[in-house]
2 protein chains.
Amino acid sequence: MDYITSVKNEKIKEIKKLSTVKGRRHQHLYLIEGEHLVNEALKSQVNIKELLVTENFINHDEHHIIKQLYNQTTQISDNVAQHLSALVTPPGIFAVIAQPTTPTTINYQGKWLVLDQVQDPGNVGTMIRTADAAGYQGVVLSTDSADIYAPKVQRAMQGSQFHLQLLRADLEQVIPAFQKQKLPVYGTLVDDQALNYRQLTAPEEFALIMGNEAHGMQAELIPLVDKNLYIPLVGQAESLNVAIAAGILMFSL
Amino acid sequence: MDYITSVKNEKIKEIKKLSTVKGRRHQHLYLIEGEHLVNEALKSQVNIKELLVTENFINHDEHHIIKQLYNQTTQISDNVAQHLSALVTPPGIFAVIAQPTTPTTINYQGKWLVLDQVQDPGNVGTMIRTADAAGYQGVVLSTDSADIYAPKVQRAMQGSQFHLQLLRADLEQVIPAFQKQKLPVYGTLVDDQALNYRQLTAPEEFALIMGNEAHGMQAELIPLVDKNLYIPLVGQAESLNVAIAAGILMFSL
C-alpha cells in the first residue's frame, strides 16, 4: 500500500481539485469522506476509483472496507487528510468515485421530487435525504440547482444518492413528460390563493416541485403544473425554510 | 453621524467580539446583520444599542431605519462591514442588540418545542423559525444546546426570536413543570417501538422534545415524558435531519 505524506503529491493535487465544480466536471469524479458514506457507496456498487485512509482508520476498520478495496487503497498522513477534508475534524477515510452517467430514460413511476433553482447545498442534500426517507423514486434537479457532487451536498445527503435516482434536466421539458406518463405535477407557492396542501388527496404517483430559497418557483413553470400548493402558516414567520416545507409536503401527501 | 473606516477602531473591536460565545456572554449583547433582521428587531421593540450602516445602505434605506435610530447610528466603510460580517457578501447594515433577560415565569400555554442538546446552529435556528410558522408559543433549549445568539442561529431564525418566547432551562425540571400545568410532553425516538406520530391525536396544548443530531434524546428523559413518538420511514435512509423531523411533527400534530 502506498503512503502519501505530502499535499504536493500529484495524486493528492488532482483529488483536491474535486472540491471545485470545475475540477469535478473535468475529471468526472467526486470525493466523499467519512466511514458512513464510503460504506453506503460500497453497498451500492458504484465505481470507487481510490480509497484514502489514515493510520488511525487502518487500525479501526470495523467494516473491513480496506480489505474490499485493497487494490485501490492508499494510506495518507493526517495532514493530507486535513488538506482534503471539508470538515474541521477530518475523518480518516475518503473515496474518489466515478460520477454516474445520467440515465437517458427516466423511470416515470412512484413519487418524484423536482428542485427548481435550489441554490443552498445543505438544502439540496437534505431534501434528497428526506425524499429517500419518504420512499420517493428520485429527484430531478433543474440545470441551475446546486451541484449534487459538492461536498456540502454529499454531507447533507448522508448516502441517499446511492438509494434513489438523481438527474439534472430542463424542467420545462420534464413537467410535460411526467404528465404524459399520467403523473400529475404539483407546484408550490407562498401564496394563499394556491391550494392548501391539506385539501389535496394525492394519488400514488406524482411529481412535487420545490422552488428557489428566495424567489420560489420560476414564474414560467406555474401555468405548466396541474396544481399549485401552499402551506398555511399560523405564526408570524413569513415563510418556511424550503427543505422544511419539502419535508412537510413529502410526509403529508 | 460618526464614520469608522478602520477595523482597529475600539468600538469595532468590541463588536467583533460578539462573534464568539465568550464575547456575547461578557457584553450581554449580540450582533445581527441584514435589513430584514434589523427591521424585525425594530418592529419588536427590543433594545437596539448600535446601528452600523455603509454608504450604500444610507443611499437605499427604503424602510427609513436610520431615521428611527439616528442617535445610535454610525457609518462604517465596506472593509469594516466585511470584517464584521459572517457572510461572504456582507450586507450594508448591522445592529447590536441587548440580550433579553430570561423570563423567570414561563407562560405554560399553547404548543412548545423543546430542544435537547441540539448542536448545529442551522438546525436550532431553522427549528425556531418553523415553530414560529406553526404558531408555537415558544421554544425551550437545554442548557447545552447551541447558543441562540450565534450568527448562524440568528441567520436561520430569520427574526423568529422576536415573535416567540425563547428560554434556556434544565429539561429534567421543565418536563414535570409542563406536566403539572396539564401540558403532556412528547419525546421523539428513532425507534419503531415508539408511537407512530400519525396515531397520536394531539391536544391543543403540549410540549414536543427533539433530540441531538447524532444521539437523539437523552436516555434520562425517556421515562419522564408522556409518550415517545417516531416517524416511520419507508425508503432506505436511516434517519431524517432533526429539523426536518421537527417540521413534519409540528405541522402534523
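- For chain A, an unreviewed UniProt entry supplies the name rRNA methylase and the organism Bombilactobacillus mellis.
- Under the heading Sequence similarities (unreviewed entry), UniProt records this for chain A: "Belongs to the class IV-like SAM-binding methyltransferase superfamily. RNA methyltransferase TrmH family."

**Examining the overall build of chain A**
Working step 1: Across its full length, chain A holds 10 helices and 12 strands.
Working step 2: Principal axes of the C-alpha set define a box for chain A whose edges measure 60 × 40 × 35 Å.
Working step 3: Relative to its 253 residues, chain A shows a buried fraction of 53%.
Working step 4: Relative to all contacts within chain A whose residues are 6 or more apart in sequence, the contacts with residues 24 or more apart total 75%.
Working step 5: Of the roughly 12100 Å² that chain A leaves accessible, carbon and sulfur atoms contribute 47%.
Working step 6: Of the charged side chains in chain A, 20 are positive and 26 negative; the average position of the first set lies 5 Å away from that of the second.

**A few points about helix α7 (residues 121-133) of chain A**
Residues and elements named next belong to chain A.
Working step 1: Over its 13 residues, α7 runs 18 Å from end to end, which matches the ideal 18 Å to within 8%, given 1.5 Å per residue.
Working step 2: Along α7, 11 of the 13 residues are buried, which leaves the element largely enclosed by surrounding structure.
Working step 3: For α7, the complete set of buried residues consists of N123, V124, G125, T126, M127, I128, R129, T130, A131, D132 and A133.
Working step 4: Backbone nitrogen of G122 and a side-chain oxygen of the N-cap are separated by 3.0 Å at the start of α7; the cap is D120.
Working step 5: Of the residues trailing α7, G135 is marked for its positive phi of about 75°.

**Regarding the relation of the copies chain A and chain B**
Working step 1: Of the transformation placing chain A onto chain B, the axial shift is 0.0 Å and the rotation is 180°, giving an RMSD of 0.0 Å. Both copies are brought into coincidence by an operation consistent with a two-fold rotation axis.

**Thoughts on the pairing of strand β6 (residues 111-115) of chain A**
Residue and element names in this part refer to chain A.
Working step 1: Counting buried residues along β6, five of its five residues qualify, which places the element largely inside the surrounding structure.
Working step 2: Looking at chain direction, β6 and strand β11 (residues 206-210) are connected through five bridges and run parallel. Looking across to β11, one finds that V114 is bridged to I209.
Working step 3: Pairing geometry for β6 and strand β7 (residues 138-142), over four bridges, is parallel.

**As for the interface of chain A and chain B**
Working step 1: Contact with chain A, which involves 29 residues of that partner, is made by 29 residues of chain B.
Working step 2: Of the roughly 2300 Å² buried between chain A and chain B on both sides combined, carbon and sulfur atoms contribute 58%.
Working step 3: The largest contributions to the chain A side of the interface with chain B come from A:R129, A:I244 and A:F251, which together make up 26% of the buried area.
Working step 4: Inspection of the region where chain A meets chain B yields zero salt bridges.
Working step 5: At the boundary of chain A with chain B, the tally comes to 15 residue pairs in polar contact (both at pLDDT 80 or more).
Working step 6: Those elements that place two or more of their residues in the side of chain A that touches chain B are α3 (35-43), α7 and α10 (242-252) of chain A.
Working step 7: Its residues assigned to classes, the side of chain A that touches chain B shows 13 nonpolar, 11 polar and five charged.

**Some remarks on the domain arrangement of chain A**
Residues and elements named next belong to chain A.
Working step 1: According to the domain assignment, chain A consists of domain 1 (2-98) and domain 2 (111-252).
Working step 2: Across the boundary between the two partners, domain 1 contributes 15 residues, which contact 11 residues of domain 2.
Working step 3: The junction of domain 1 with domain 2 conceals about 1000 Å² of combined surface from both sides, 65% of it contributed by carbon and sulfur atoms.
Working step 4: Of all residues in domain 1, R24, Y30 and L37 give up the largest surface area on contact with domain 2, accounting jointly for 44% of the area buried on that side.
Working step 5: Scanning the region where domain 1 abuts domain 2 turns up one salt bridge.
Working step 6: As a salt-bridge pair, R24 and D147 come within 2.9 Å of each other at their nearest N and O atoms.
Working step 7: One can count four residue pairs in polar contact (both at pLDDT 80 or more) joining domain 1 with domain 2.
Working step 8: Residue assignment for the side of domain 1 that touches domain 2 shows that the elements contributing at least two residues are α2 (21-27), β2 (29-33) and α3.
Working step 9: By residue number, the principal contributor to the side of domain 1 that touches domain 2 is α3, which donates four residues.

**Here we look at the environment of A:N47**
Residue and element names in this part refer to chain A.
Working step 1: Within the secondary structure, N47 is located in the loop between α3 and β3 (48-53).
Working step 2: The class of N47 is partly exposed, set by a relative accessible area of 42%.
Working step 3: Ignoring sequence-local partners within four residues, the contact set of N47 consists of V96, I97 and A98.

**Digging into the side chain of A:N123**
Working step 1: With respect to the helices and strands, A:N123 occurs in helix α7.
Working step 2: If we ignore the near neighbours within four places in the chain, the residues touching A:N123 are A:V118, A:E213, A:N241, A:V242 and A:A243.

**Section: the nonpolar core**
Nonpolar side chains tend toward joint burial in soluble globular proteins.
Working step 1: If you look at the biggest cluster of nonpolar residues, it comprises 114 residues, and the most contacted ones within it are A:L113, A:L208, A:M210, B:L113, B:L208 and B:M210.
Working step 2: In this structure A:M210 touches A:L113, A:V114, A:L115, A:D116, A:V118, A:M127, A:T188, A:V242, A:A245, A:A246 and A:L249, once residues within four positions along its chain are discounted.

**Focus: the pattern of salt bridges**
Pairing is possible between side chains of opposite charge, provided their charged atoms come close.
Working step 1: Under the defined criterion, the tally for this structure stands at 10 salt bridges over all chains.
Working step 2: Notably, a salt bridge pairs A:E10 with A:K13, separated by 3.2 Å at the nearest N-O pair. Residue A:E10 and its partner A:K13 are both found in helix α1 (residues 10-16); the two are separated by three residues, about one turn of the helix.
Working step 3: Take A:K13: its relative accessible area is 39%, and that puts it in the partly exposed class.
Working step 4: Here B:E40 ties to B:K43 by a salt bridge, and the two come within 3.3 Å at their closest N and O atoms. Here the residue B:E40 and the residue B:K43 both occupy positions in helix α3 (residues 35-43), the gap between them amounting to three residues, near one helical turn.
Working step 5: On the accessibility criterion, B:E40 (6% relative accessible area) is buried.
Working step 6: Taking relative accessible area as the criterion, B:K43 reaches 59% and is therefore assigned exposed.

Parameters at a glance
Residues numbered from 1 in each chain as written. Chains lettered and ligands numbered in written order. Predicted model: local features only at pLDDT ≥ 70, side-chain atom pairs only at ≥ 80, totals over all residues. Heavy atoms only, no water. UniProt positions renumbered as here; feature names shortened; annotations may be inferred. Helix = DSSP H or I, 4+ residues; strand = E, 2+ residues; numbered from the N terminus. Buried < 20%, exposed > 50% of the residue type's maximum accessible area, 1.4 Å probe, protein only. Contact = heavy atoms within 4.5 Å. Areas by Shrake-Rupley, 256 points an atom, 1.4 Å probe, with all protein chains shown as cover. Lys, Arg positive; Asp, Glu negative; His and termini not counted. Charge placed at Lys NZ, Arg CZ, Asp CG, Glu CD. Expected span 1.5 Å × (residues − 1). Polar contact = N/O pair within 3.5 Å; in protein donor to acceptor, adjacent residues only side chain to side chain. Least-squares fit on C-alpha atoms with pLDDT ≥ 70 in both. Pairing = 2+ DSSP bridges. Buried area = accessible area lost by both parts, 1.4 Å probe. Salt bridge = Lys/Arg side-chain N within 4 Å of Asp/Glu carboxyl O. Nonpolar A, V, L, I, M, F, W, Y, C, P; charged D, E, K, R; others polar. Domains from an automatic or database assignment. Core = buried A, V, L, I, M, F, W, Y, C linked by side-chain atoms within 4.5 Å.

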